[in-house]
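Structural characterization, general
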Amino acid sequence: MTKPAALGQFSAAFRNDFAELLRWRRDVRSFRTDPVDDAALARCLDAFTLAPSVSLSQPWRIVALSSETARTAALENYKTFNAAALAGTEGEAAQSFASQKLKGLEDAPVQYAVFSDESATHGHPLDLSAIPRVLEYSVAAAIMQFWLALRAEGIGLGWVSRLDQSRLKADLDLAQSWTLVGYLCVGYPTQDSALPELQVQGHEERAACPVVLEL
Ligand SMILES: Cc1cc2nc3c(=O)[nH]c(=O)nc-3n(C[C@H](O)[C@H](O)[C@H](O)COP(=O)(O)O)c2cc1C
């Protein structure tokens with residue numbers, strides 16, 4: 001394992017690149033359908049291994065949906081779940097965003113359902129119980145690392161949460177005790193943007209800086 005030149009020191013050039021990476025990471029909704037480079041994907045999956053987790057519990061369970069049957073199950077799940085939501089009052093913008101995600105689910109060459117295994121036995125019981133859902137937070141933190149690693153390889157990720165997870169687990173024959181944290185569409189984006197799509201389309205605005213309460 002190589003260390004940075006001086007232990008703990010990364011160059012100014014690296015910091016600049018990292019800031020750019022954060023700026024250009026996007027939730028991707030439009031993917032090319034060509035395959036993702038296997039070696040690059042393997043490097044990115046290593047980000048899970050290196051991720052933080054409460055008590056080093058490593059509760060992530062990653063399911064790759066590769067077969068036609070599994071992919072169709074997820075697609076139909078999304079369609080049904082959304083149809084119920086969109087029958088309400090969400091309006092035209094919501095319809096448009098839902099159909100963009102649907103396109104992502106149809107096109108993204110790699111798709112993962114990432115779960116938190118609530119029966120993860122590693123870790124001190126106090127650490128696992130002090131903050132509710134801390135195992136799920138660990139999985140979300142790991143997905144975040146994966147997301148950045150992908151972007152550094154020029155690969156995009158689109159996060160889908162509008163799914164009926166009980167149905168998904170039943171369709172994929174997975175343990176009902178697992179909790180779905182994210183359904184991830186992965187592939188090369190058709191375009192790059194430094195702004196969130198919701199902002200580009202005028203629905204939301206990214207805050208200029210985080211609110212920090214000083215006490
Ligand atoms: C936990 C989580 C769940 C998300 N679920 C959805 C989703 O169901 N549908 C969707 O369109 N975007 C989803 N997103 C993406 C957000 O809409 C997106 O991150 C946000 O608009 C900011 O855009 P950016 O990621 O390009 O900066 C999700 C993001 C996160 C972190």
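Residues numbered from 1 in each chain as written. Predicted model: local features only at pLDDT ≥ 70, side-chain atom pairs only at ≥ 80, totals over all residues. Heavy atoms only, no water.

Focus: the overall build of the protein chain
Which entries qualify depends on this criterion: Strands here are runs of E lasting at least two residues and helices are runs of H or I lasting at least four, both read from the DSSP assignment and numbered beginning at the N terminus. Burial classification: accessible surface area is computed with a 1.4 Å probe over protein chains only, and a residue below 20% of its type maximum counts as buried, one above 50% as exposed, and the rest as partly exposed. The criterion used for residue contact is that any of the two residues' heavy atoms lie within 4.5 Å. Note on areas: Shrake-Rupley, 1.4 Å probe, and residue coverage restricted to the protein chains presented here.
A count of helices and strands for the protein chain gives eight helices and four strands. Along the chain direction, N to C, the helices and strands of the protein chain fall in the order α-α-β-α-α-β-α-α-β-α-β-α. Projected onto its principal axes, the C-alpha positions of the protein chain cover 55 × 45 × 40 Å. Burial analysis of the protein chain (215 residues in total) assigns 39% to the buried set. For the protein chain, long-range pairs separated by at least 24 residues make up 81% of all intrachain contacts whose partners lie at least 6 apart in sequence. In the structure as shown, the protein chain presents an accessible area of about 12600 Å², 57% of it carried by carbon and sulfur atoms.

A word on the site of the ligand
Basically, it comes down to this: One heavy atom within 4 Å of a molecule or strand is enough for the residue carrying it to be called near that molecule or strand. The term polar contact refers here to a pair of N or O atoms within 3.5 Å; inside protein, the definition further demands a hydrogen-donor-capable atom paired with an acceptor-capable atom, and it admits residues adjacent in sequence only when both atoms are side-chain atoms.
Within the structure, the ligand sits among Arg25, Arg26, Asp27, Arg29, Lys101, Trp159, Val160, Ser161, Arg162, Pro196, Leu198 and Arg206. Within the side chain of Arg25, one N or O atom sits 2.9 Å away from an oxygen atom of the ligand. Here a nitrogen atom of the ligand and a side-chain polar atom of Lys101 are 3.5 Å apart. Compared with its free state, where it exposes 620 Å², the ligand has 70% of that area covered by protein.

Digging into the pairing of strand E2 (residues 110-117)
To keep things clear, this is the line we draw: Two strands qualify as a pair provided that DSSP identifies no fewer than 2 bridges between them.
The buried fraction of E2 amounts to eight of the eight residues, a majority that puts the element mostly inside the structure. The alternating pattern of E2 places Val110, Tyr112, Val114 and Ser116 and Gln111, Ala113, Phe115 and Asp117 on opposite faces, both of which are buried. With five bridges joining them, strand E1 (residues 60-64) and E2 adopt antiparallel strand pairing. The residue of E2 that forms the bridge with Arg61 is Phe115. Judged from the eight bridges that link them, E2 and strand E4 (residues 178-187) form a sheet pairing that is antiparallel.

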